[in-house]
Amino acid sequence: MSRTGSELATRLGVAFVLIGLAFAALYAGGLGFWLVVSVAGVLMMGEWALLAGANFRGKRLAQYAVSVPLAAMAPDLAAGPGFLALGLIIGAFFFLMIVTKRAQLAFGAFYVGLPILALVLLREQPGHGLLLTFWAMALVWACDSAAYFAGRAIGGPRLAPAISPNKTWAGFLGGIAGATLFAFVLVWLCDLPAALAWATPLLAVLAQLGDLFESHLKRVAGVKDSGNLLPGHGGMLDRLDGLVATAPVAALLVLWLVR
């Protein structure tokens with residue numbers, strides 16, 4: 001097998017494992033879902049710390065700080081996804097800011113804590129928690145996939161060549177279209193509020209802006225990937241940058257629109 005073929009096989013294999021783990025955790029809900037996303041959050045915080053230029057001690061300190069609000073989010077075991085966890089995220093930010101005096105490192109408490117809080121909150125919603133969380137997660141996957149194929153098939157002007165040279169306006173618009181189509185099909189099949197589908201284009205834009213933001217951070221840090229945990233995919237932040245941007249807004253929309 002050629003090197004390119006081997007890399008593609010590795011990438012696909014890791015992708016299938018990640019998708020399987022995500023669906024298993026999503027279906028399990030409760031402590032199972034919380035555990036998976038919390039472990040992901042701790043790993044994300046470690047990668048964020050390295051992008052922020054922190055040393056090993058700073059990285060570990062950041063991971064310990066964010067683990068406190070993540071632990072408080074545990075449903076049925078701790079306070080759950082609520083105001084206490086939100087307050088602890090804010091506390092983790094100020095703790096890191098005071099101790100390390102590094103604003104970018106401290107901001108990681110919000111960058112990691114808020115999307116994890118949002119996902120656990122969505123999954124704990126009575127009645128449609130599984131579907132609502134699936135909507136929030138899968139619209140990002142649909143956006144990424146549609147953007148990739150539209151960009152490859154159409155090409156054209158670059159979206160942000162100074163940040164991510166491979167992204168095009170065709171991919172950007174294709175991603176919005178793909179995510180929106182997915183959302184309307186999901187709403188139609190599962191009898192979810194139509195407002196969620198109408199809100200999806202905004203979330204698709206946020207997902208792609210989240211991708212660009214992480215690309216900017218990597219360029220500033222002088223690295224290709226946020227980590228090497230996932231063969232063929234880079235780090236956790238590389239896979240979840242779009243979800244980081246969309247999950248908090250999706251949770252707010254659900255709290256506002258779904259009764």
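For clarity, every value in this text was computed on a predicted model and none was experimentally measured.

A. The overall build of the chain, seen in detail. Across its full length, the chain carries nine helices and two strands. Starting at the N terminus, the α and β elements of the chain follow one another as α-α-α-α-α-α-β-β-α-α-α. Expected size for 259 residues packed as a compact globule is a radius of gyration near 18 Å; at 18 Å, the chain falls within 12% of this value. For the chain, the spread of C-alpha atoms along the principal axes amounts to about 50 × 45 × 35 Å. Here the chain holds 259 residues, and the buried ones make up 48% of them. Taking the intrachain contacts of the chain between residues at least 6 apart in sequence as the baseline, contacts between residues at least 24 apart amount to 70%. Here the chain has roughly 12,900 Å² of accessible surface; of this, 70% comes from carbon and sulfur atoms. Positive and negative side-chain charges of the chain, numbering 16 and 11 respectively, have mean locations separated by a distance of 9 Å.

B. Up close: the layout of surface pockets. Of the volumes computed, that of the second largest pocket is approximately 260 Å³. Put simply, the parts of the chain that give the lining of the second largest pocket at least two residues each are α4 (83-100), α5 (103-123) and α9 (236-257). Split into classes, the residues belonging to the lining of the second largest pocket amount to 11 nonpolar, one polar and no charged.

C. Representation of the packing of helix α6 (residues 129-154) against α9 within the structure. Running from N to C, α6 and α9 cross one another at 145 degrees; their axes reach a closest spacing of 9 Å. Considering only the axes of α6 and α9, their crossing is right-handed. Judged by residue contacts, Leu 132, Trp 135, Ala 136, Met 137 and Val 140 of α6 engage Gly 242, Leu 243, Thr 246, Ala 250 and Val 254 from α9.

D. Quick look at empty space enclosed by the protein. Per the counting criterion, the structure on display carries one cavity of 30 Å³ or more. As for the largest cavity, its lining consists of Val 140, Trp 141, Asp 144, Arg 239, Leu 240, Gly 242 and Leu 243. Of all the secondary-structure elements, those providing two or more residues to the lining of the largest cavity are α6 and α9. Sorting elements by how many residues they give to the lining of the largest cavity places α9 first, with four residues. In the lining of the largest cavity, the residues fall into four nonpolar, one polar and two charged.

E. Local environment of the environment of Ala 22. Mapped onto the fold, Ala 22 is located in helix α1 (residues 3-28). Sequence separation of Ala 22 and Phe 134 is 112 residues, and the distance between their C-alpha atoms is 9.7 Å.

F. Focus on the packing of aromatic side chains. Counting across every chain of the model gives 12 aromatic pairs. Measuring from centroid to centroid gives 5.9 Å for Phe 23 and Phe 134, while their planes differ by 40 degrees, and the two rings are tilted. Pair noted here: Phe 23 is in helix α1 and Phe 134 is in helix α6, with a separation of 111 residues, a long-range link. Taken together through their ring pairs, the aromatic side chains of Trp 48, Phe 93, Phe 94, Phe 107, Phe 110, Tyr 111 and Phe 213 make up a single cluster.

G. A look at the packing of helix α2 (residues 30-51) against α5. Two elements in contact, α2 and α5, have axes separated by 9 Å at closest approach and are oriented at 165 degrees. In terms of orientation, α2 and α5 fall into the roughly antiparallel class. The hand of the α2/α5 crossing is right-handed. Along its contact with α2, which presents Phe 33, Trp 34, Val 37, Gly 41, Met 44, Met 45, Trp 48, Ala 49 and Leu 51, the element α5 presents Gln 104, Leu 105, Phe 107, Gly 108, Ala 109, Tyr 111, Val 112, Ile 116, Leu 119, Val 120 and Arg 123. Class assignment of the residues belonging to the contact of α2 with α5 gives a composition of 16 nonpolar, three polar and one charged.

H. Geometry of unusual backbone geometry. In this model, Lys 101 sits at a positive phi of 55 degrees, which is unusual for a non-glycine residue. Note that Lys 101 resides in the loop between α4 and α5. The exposed category is assigned to Lys 101, whose relative accessible area is 67%. Of note, Asp 191 is a non-glycine position whose phi angle comes to about 55 degrees, a positive value. Following the sequence through the fold, Asp 191 ends up in the loop between α7 (169-190) and α8 (194-221).

Analysis parameters
- Residues numbered from 1 in each chain as written.
- Predicted model: local features only at pLDDT ≥ 70, side-chain atom pairs only at ≥ 80, totals over all residues.
- Heavy atoms only, no water.
- Helix = DSSP H or I, 4+ residues; strand = E, 2+ residues; numbered from the N terminus.
- Rg over C-alpha atoms; globule rule 2.2 N^0.38 Å.
- Buried < 20%, exposed > 50% of the residue type's maximum accessible area, 1.4 Å probe, protein only.
- Contact = heavy atoms within 4.5 Å.
- Areas by Shrake-Rupley, 256 points an atom, 1.4 Å probe, with all protein chains shown as cover.
- Lys, Arg positive; Asp, Glu negative; His and termini not counted.
- Charge placed at Lys NZ, Arg CZ, Asp CG, Glu CD.
- 1 Å grid on protein atoms, 1.4 Å probe; cavity = no way out; pocket = protein on both sides within 12 Å on 5 of 7 lines; lining within 4 Å.
- Points joined across faces, edges and corners; volume = space filled by probe spheres on them.
- Nonpolar A, V, L, I, M, F, W, Y, C, P; charged D, E, K, R; others polar.
- Axes fitted to C-alpha atoms, helices over the stretch in contact; angles between N-to-C directions.
- Left-handed = near helix turned anticlockwise from the far one by under 90°.
- Phe/Tyr/Trp six-rings, centres within 6.5 Å; stacked < 30°, edge-to-face > 60°.
- Parallel < 35°, antiparallel > 145°, perpendicular 65-115°, else oblique.

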